[in-house]
Amino acid sequence: MTRTPVLAARDLRRSYGRGQNSFDALRGVSFEIFEGETVAIVGKSGSGKSTLMHVLALMDEPTSGTVELSGTDTRRLRGRVLNKVRNRTFGFVFQQFFLTPKATVLDNVTLPLTIAGVPRSERRARGMAALAQLELADKARSKANDLSGGQKQRVVIARALVNQPRIIFADEPTGNLDSTTGAIVEDILFQLNRETGITLVIVTHDETLAARCDRRLVIRDGELVDETRRAAA
Amino acid sequence: MKTTDLIGTAVSNTFRSKTRTLLTVLAIFVGAFTLTLTSGLGTGINAYIDDTLAGIGASDIMTVTKNADTATDPTSTEPEKYDPDAVQSGVGPATTTVTALTPDDIDELATIDGVLEVTPVISVTPDYIETESSDPYVVSIAGVMEGQSAQLAAGSMIDDGDDLELLLPTSYVDVLGFSSAEDAVGATVTIAITDNEREQHLIDATIVGVADETLASPAGAGAVANDALTDALFDAQSTGLTDEEADRYAQATVRFADDATDDEIADLKQNLEDAGYTGTTVEDQLGAFTAVIDGIVFVLNAFAIIALLAAAFGIVNTLLMSVQERTREIGLMKAMGLGSGKVFGLFSLEATFIGFLGSAIGVVLAMLAGTALSSALSGSLLADLPGLTLIAFDPASIAVIILAVMAIAFLAGTLPAARAARADPVSSLRYE
């Protein structure tokens, strides 16, 4: 393949602590993710999958190895530039919704735009568009606290979409939802991938969710032990 | 994040935990309220002193006394040698002895570098003052120094003409049988004065004005005479004395350039000192007075600032709790690309806004309370001090108080804000 991967891990290592107490969360993980792919990072808790996601999302620095973003070595990104790249490139969906409970749904959704310094009127328009996409336009004025779990996760997805990122990181997106609601949220995510070509990186221990992705990366004890490609892809 | 969004977010975050914010604001309110009142007290009293400063004398005037030839030790119990030129000045325990100034001294003073004009201060001690229809009352009478003025309740200021004129203090209006201050203006009073041969002289003078008895009027609670009347009284008093005996003055006033700098005034004092005299300016006389008031206000302000410092710890506590509560939110915002500087700004702005709320409410209420209090007091307890607004406010010091409280609040906010700014997004997001 001659395409440049949108995201590439090159021998990522991450250790915590020093000396006898040191713990290696990642022990040399390498893989490539291409534009428009859906990738599941699967593993038991403590396997290092969350650490991997944090390193990939540039929230954490690897002890050694590099993360390449569209062929650029991200180690050179620092401070303001790094913040801007993170703001423009990534969207986040977390298991705990991390919504500001007393703020309105619209304010929650437009948070990435506020951080980016987008003018108020444009924030509003783009926020409403993202909410409409997730059929939540009528809830824009409600407080985030007053929504059901499924609605909250849809708000979170709207927030992840609002800055039109190239990659969405989803950390156990259905972990806090019942199976019916979880299935709806899954459908929304895969539909987004199909319709907008957005790259999806899902961290999960749910095998059925992982099976819907183009690729499964299985992490065990900080190492990539298995990589399976879905037959249909 | 834009600055306006940053401020807006900080302000709305302030109101997220209303009870906690309210309590912190209350603590600051107490400090700001006290500070405003105490500094208002200083402003009010000092403004009153400034207003009445003109009553004590112009700023280009110095009072000069002659130093005693031999300094006497006040603690000495040895018999003291007689000094024929000694003049007692002051009364009671604070009595000091100065050497009288003779016409020769006056001439000498005029030659001292920096002195523009010398006027001997004539002191007269009348026996009583009366009108045709009243009993005699004891009175003290002083001349007016150049540049002095009085706060008049009625009539006009005395002038330098040949007519014998005087300003009557307000407290003498009733006892001398006048119905009002206006009624007294133009009336004639008789002043009795005894000479050295124990003979009493009666001198008639016209009341041209009635003066308020301010803290610093030219004669305290006494009447003020123009030069013509002072001379007439002095002549009557000196009857039987030789010219040499009569022309003795406890003090003289010296006028210097009205644009003299502090250094030039210090030089003049040194020149006077070298020639054997002591010069005292109005500032010197007031110095002790304002120093006492400034001292009291300083102590009161110190208490208010202690209250503000206690409130500052309240801000630290409130914001630390707030940072703790919002750890995940901070982590999320940082994950979404909010820089540490902006996170710091968000929390320190929140602290500053709490400081602004507390100080603005405190200042406004203190101004209302202070105004009400001083108008109530000026009608009752302080009625004898006309023109005194006990608690006054000037916009500059009010602005300084608000800004200072906001600065204190900002400083208090830096610790929690720095903690929030340092937060690592990964561990913040894991925080349960």
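Residues numbered from 1 in each chain as written. Chains lettered and ligands numbered in written order. Predicted model: local features only at pLDDT ≥ 70, side-chain atom pairs only at ≥ 80, totals over all residues. Heavy atoms only, no water.

**Thoughts on the interface of chain A and chain B**
When the parts of a complex come together, some accessible area is lost, and that lost area is often used as the size of the interface. On the side of chain B, 20 residues touch chain A, which itself brings 25 residues to the contact. Together, the buried faces of chain A and chain B total about 2000 Å²; carbon and sulfur atoms form 62% of this surface. Counting the surface chain A buries against chain B, the share from its top three residues, A:Met59, A:Phe98 and A:Ile115, is 31%. The interface formed by chain A and chain B includes one salt bridge. A salt bridge links A:Arg123 to B:Asp5, with the shortest nitrogen-to-oxygen separation between them at 2.6 Å. Across the chain A-chain B interface, the total number found is five residue pairs in polar contact (both at pLDDT 80 or more). Only helix H1 (49-56), helix H2 (79-89), helix H4 (111-116) and helix H5 (120-133) of chain A provide two or more residues apiece to the side of chain A that touches chain B. Considering each element in turn, the side of chain A that touches chain B owes the most residues, five residues, to H4(A). Residues belonging to the side of chain A that touches chain B are distributed by class as follows: eleven nonpolar, eight polar and six charged. (Contact = heavy atoms within 4.5 Å. Buried area = accessible area lost by both parts, 1.4 Å probe. Salt bridge = Lys/Arg side-chain N within 4 Å of Asp/Glu carboxyl O. Polar contact = N/O pair within 3.5 Å; in protein donor to acceptor, adjacent residues only side chain to side chain. Helix = DSSP H or I, 4+ residues; strand = E, 2+ residues; numbered from the N terminus. Nonpolar A, V, L, I, M, F, W, Y, C, P; charged D, E, K, R; others polar.)

**Overview of the side chain of A:Lys49**
Residues and elements named next belong to chain A. For Lys49, the position within the fold is in helix H1. Buried and without a salt bridge, Lys49 has Glu172 as its closest oppositely charged side chain, separated by 4.1 Å. Apart from residues no more than four positions distant in its own chain, Lys49 is found in contact with Ile41, Val42, Gly43, Lys44, Glu172, Val203, Thr204, His205 and Ile219. (Buried < 20%, exposed > 50% of the residue type's maximum accessible area, 1.4 Å probe, protein only. Lys, Arg positive; Asp, Glu negative; His and termini not counted.)

**Observations regarding the confidence of the model for chain B**
Looking at chain B, pLDDT values average 80 and 86% of them are 70 or higher. Below pLDDT 50 for its whole length, residues 90-95 of chain B participates in four contacts with residues either more than four positions away or in separate chains. (pLDDT = per-residue confidence, 0-100.)

**With respect to the layout of surface pockets**
The volume enclosed by the second largest pocket comes to roughly 690 Å³. In this structure, the second largest pocket is lined by 26 residues; those nearest its centre are A:Ala103, A:Asp107, A:Asn108, B:Thr9 and B:Ser12. Listed by contribution, the elements that provide at least two residues to the lining of the second largest pocket are helix H3 (105-109), H4 and H5 of chain A together with helix H1 (3-14) and helix H10 (327-335) of chain B. Broken down by element, the lining of the second largest pocket gets its largest block of residues, six residues, from H1(B). Looking at side-chain class alone, the lining of the second largest pocket contains six nonpolar, ten polar and ten charged residues. (1 Å grid on protein atoms, 1.4 Å probe; cavity = no way out; pocket = protein on both sides within 12 Å on 5 of 7 lines; lining within 4 Å. Points joined across faces, edges and corners; volume = space filled by probe spheres on them.)

**Focus on helix H7 (residues 179-196) of chain A**
Residue and element names in this part refer to chain A. Under the 1.5 Å per step criterion, the end-to-end length of H7 is 25 Å for 18 residues, consistent within 8% with the ideal 26 Å. For H7, the complete set of buried residues consists of Thr181, Gly182, Val185, Glu186, Ile188, Leu189, Phe190, Leu192 and Asn193. For H7, the secondary structure elements touched by its buried residues are strand S3 (38-42), H5, helix H6 (149-161), strand S8 (199-204) and helix H8 (207-211). Sitting at the head of H7, Asp178 places a side-chain oxygen 3.2 Å from the backbone nitrogen of Thr180. (Expected span 1.5 Å × (residues − 1).)

**Remarks on the packing of helix H9 (residues 282-325) of chain B against helix H11 (residues 340-379) of chain B**
Residue and element names in this part refer to chain B. At a closest axis distance of 11 Å, the pairing of H9 and H11 adopts a crossing angle of 140 degrees. Taken together, the axis directions place H9 and H11 in an arrangement best described as oblique. The interaxial crossing formed by H9 with H11 has right-handed handedness. Every residue of H11 that contacts H9 at Ile315, Leu319, Ser322 and Val323 is listed here: Phe347, Glu350, Ala351 and Ile354. Residues that form the contact of H9 with H11 fall into these classes: six nonpolar, one polar and one charged. (Axes fitted to C-alpha atoms, helices over the stretch in contact; angles between N-to-C directions. Parallel < 35°, antiparallel > 145°, perpendicular 65-115°, else oblique. Left-handed = near helix turned anticlockwise from the far one by under 90°.)

**Observations regarding a nonpolar patch on the surface**
Residues and elements named next belong to chain B. On the surface, Phe298, Val299, Phe303 and Ile306 cluster together into a nonpolar patch covering about 460 Å² of accessible area. Within the element layout of this structure, Phe298 appears in helix H9. Overall, Phe298 belongs to the exposed group, its relative accessible area being 59%. (Patch = residues over 30% accessible without salt bridge, like charges linked within 9 Å, V, L, I, M, F, W, Y side chains within 5 Å. Areas by Shrake-Rupley, 256 points an atom, 1.4 Å probe, with all protein chains shown as cover.)

**Some remarks on the packing of aromatic side chains**
Residue and element names in this part refer to chain A. Enumeration over the complete set of coordinates arrives at eight aromatic pairs over all chains. An angle of 10 degrees between the planes, with centres 5.6 Å apart, marks the rings of Phe92 and Phe94 as stacked. For the pair Phe92 and Phe94, a shared accessibility class is recorded, and that class is buried. Where Phe92 meets Phe169, the ring centres are 6.1 Å apart and the plane angle is 20 degrees; that geometry is what we call stacked. Taken as a pair, Phe92 in strand S6 (residues 90-93) and Phe169 in strand S7 (residues 167-171) lie far apart in primary sequence, 77 residues in all. (Phe/Tyr/Trp six-rings, centres within 6.5 Å; stacked < 30°, edge-to-face > 60°.)

**Quick word on the pairing of strand S8 (residues 165-169) of chain B**
Residue and element names in this part refer to chain B. Along S8, five of the five residues are buried, which leaves the element largely enclosed by surrounding structure. Side chains of S8 alternate between two faces, with Glu165, Leu167 and Pro169 and Leu166 and Leu168 buried alike. In this sheet, strand S10 (residues 200-211) lies alongside S8 in parallel orientation, the contact comprising five bridges. Bridged to Leu166 within S10 is Ile207. Here S8 runs beside strand S11 (residues 223-225); their pairing, made up of two bridges, is antiparallel. The residue bridging Leu167 from the neighbouring strand is Val224, located in S11. (Pairing = 2+ DSSP bridges.)

**Re the sheet that holds S6(A)**
Residue and element names in this part refer to chain A. Reading across from one edge, S6-S7-S8-S3-S9-S10 is the order of the six strands in this open sheet, with mixed pairing throughout. In this open sheet, the two strands that pair with only one neighbour each are S6 and strand S10 (223-229). Each strand axis lies, on average, 20 degrees off the axis of its neighbour in the sheet, ignoring direction. Relative to the sheet, H7 contacts S3 and S8, its axis offset from that of S8 by approximately 155 degrees.

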